[in-house]
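For reference, the chains in residue letters:
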Amino acid sequence: MRLQSSQGGQTGQQAIPIIKPWLGEEEAAAAADVISSGWIAQGPRVAEFERAVAASVGAAHGVALSSCTASLHLALVVLGIGPGDEVVVPSLSFIATANAPRYVGAKPVFADVTESTQNIAAETIEPVLTTDTKAVILVHQAGVPADIDAVHDLCDPLGIAVVEDAACAIGSTYRGHRIGRHSDLVAFSFHPRKVITTGEGGMLMTTRPDWADRIRRLREHGMNVSAASRHESRYLLIEEYLETGFNYRMTDIQAAVGLVQLRRLDAMVTRRRELAGRYREALADVPGLQVVDDPPWGTTNYQSFWVVLPDDLPTSRNDILRAMMQERVSPRRGIMAAHLEPAFADEAVASLPVTERLTRQSLLLPLFHTMEESDQEHVVAILKSELGVA
Ligand SMILES: *Cc1c(COP(=O)(O)O)cnc(C)c1O
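This is a predicted model, so every value here is computed, not measured. (Residues numbered from 1 in each chain as written. Predicted model: local features only at pLDDT ≥ 70, side-chain atom pairs only at ≥ 80, totals over all residues. Heavy atoms only, no water.)

### Some remarks on the sheet that holds strand β10 (residues 290-291)
Across the sheet, four strands lie side by side as β10-β12-β14-β13; this open sheet has antiparallel pairing. The sheet terminates laterally at β10 and β13 (332-333), the two strands that pair on one side only. By the bridge criterion, four bridges tie strand β12 (residues 305-308) to strand β14 (residues 362-365) in an arrangement that is antiparallel. Residue pairing across strands places V308 opposite S362, the latter belonging to β14. The strands that helix α11 (residues 317-326) touches are β13 and β14; relative to β14, the one it contacts most, it runs at about 20°. (Pairing = 2+ DSSP bridges. Helix = DSSP H or I, 4+ residues; strand = E, 2+ residues; numbered from the N terminus. Contact = heavy atoms within 4.5 Å. Axes fitted to C-alpha atoms, helices over the stretch in contact; angles between N-to-C directions.)

Here it is in structure tokens:
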């Protein structure tokens, strides 16, 4: 194994990035076709992408939006959540999860996560429920499926809604089915840091046709007739604005790219699982190192490959990150914890010992479709050398 990178010569350029979207000529051609058509805003390609994603994950309806963050916001809007309400979220997540309740004036209440999945679970949600709890945002962190049924068993009898933040989890499965069909509202992201990408973009899946209609209206300023329908109509259509909406639209250029990406999803997940399997094997002999794995109830797409460092480290997590960056490898710290950020300093937070340990002691290793086996060996060699394992 080589410790000195032999690739490239440009200073500052990372030879092994954390992720690299797998895009080809087909995506470029699909975007070009849309541009040539003259209709580039939300239109027929967006509608087609919505049907394709819904069919692919087994959801009744999909509404394409500008991001997963916008999807989480509109999920809470259609649930009627507002000031005085509490929404349970993991602190151990990308900050967008904890921000969503605030967009509707509600209070995020942080639940701790379980060690094995880095996800919140029925047993960590239950202690933080109050009579003001209106919803739980269940995150499938890094693509690892949370135990969805157990959370519904807890929340459904109490009338608490479950929104799945599946930003990272397209192509992951729960009890034999793709994530996207197990709750009334499930939000995906198509940011390049996730698995399939449209540059920016998201989609909110829902079981309810009335909610799908309302989400479509809310993404387009609250208007009752879309711009695309007016464009297509041979008759005069004057729109009405039924409520205060937003501009959360996706463009047809993005959707055209997404349609090609969606056809690559199986291949991407297969490749990610193969590379993850190789990491798991190569790291199996590191004492005390915890490595991401499938939970008993499903399969992960390995959107991120996390490792949790042993407690009695000879070095610090950040020193390991620095050592990797010096070797032209670009890892990342583990999942952030929102309650430790200044933006959430004013929230009273119960103790979150597992969250705090995981955010301090974990890191994410590079994993992307075109990664070479020699790249992986290089990453593993640096990590082992930093951990004092031969
Ligand atoms: C990336 C991410 C988001 C935000 O997705 P965007 O599409 O960038 O808005 C939300 N939640 C989680 C868990 C994420 O990882």
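### Some remarks on the domain arrangement of the protein
When the domains of the protein are assigned, the result is domain 1 (25-263) and domain 2 (265-387). One C-alpha centre belongs to domain 1, the other to domain 2; they are set 26 Å apart. Overall, the association of domain 1 and domain 2 removes approximately 3,500 Å² of surface from exposure, summing both partners, and the carbon and sulfur fraction of that is 56%. If you sort the residues of domain 1 by the area they bury against domain 2, F110, E115 and Q118 come out on top, with a joint share of 18%. Connecting domain 1 to domain 2 are five salt bridges. (Domains from an automatic or database assignment. Buried area = accessible area lost by both parts, 1.4 Å probe. Salt bridge = Lys/Arg side-chain N within 4 Å of Asp/Glu carboxyl O.)

### Digging into the sheet that holds strand β6 (residues 173-174)
Strands sit in the order β7-β6-β11 across an open sheet of three strands; the sheet is antiparallel. Edge strands, defined here as strands with exactly one partner in the open sheet, are β7 (177-178) and β11 (298-299).

### Focus on the pairing of strand β2 (residues 86-90)
For β2, a buried count of five out of five residues is recorded, marking the element as mostly surrounded by other parts of the structure. Alternating residues of β2 divide into E86, V88 and P90 and V87 and V89, and every residue in both groups is buried. Of the pairings in the sheet, the one linking β2 to strand β3 (residues 107-111) comprises five bridges and is parallel in character. Bridge pairing links E86 to K107 in β3. (Buried < 20%, exposed > 50% of the residue type's maximum accessible area, 1.4 Å probe, protein only.)

### Brief notes about the packing of aromatic side chains
Taken as a whole and judged by the stated rule, the model has five aromatic pairs. Geometrically, the ring pair formed by Y279 and F305 is tilted, given 4.8 Å between the ring centres and 35° between the ring planes. Of this pair, Y279 sits in helix α10 (residues 265-283) while F305 sits in strand β12, and the two are 26 residues apart along the sequence. F305 matches Y279 in its accessibility class, with the two residues each being buried. Above the face of the F94 ring, K194 is positioned so that its terminal group lies 5.8 Å from the ring centre. Seen from the ring of W211, R208 lies directly overhead, with NZ or CZ sitting 4.0 Å from the centre. (Phe/Tyr/Trp six-rings, centres within 6.5 Å; stacked < 30°, edge-to-face > 60°. Lys NZ or Arg CZ within 6 Å of the ring centre and 35° of its normal.)

### Details of the nonpolar core
Among the nonpolar cores identified, the biggest contains 85 residues, and L283, F305 and L365 are the most heavily contacted of them. Broken down by element, this core gets its largest block of residues, seven residues, from α10. If near-sequence neighbours (up to four positions away) are discounted, F305 is found in contact with A276, Y279, R280, L283, V291, V292, L363, L364, L365 and L367. Counting residues in each nonpolar core, the second largest holds 37 residues, with A100, C168, A338 and L352 among its members. (Core = buried A, V, L, I, M, F, W, Y, C linked by side-chain atoms within 4.5 Å.)

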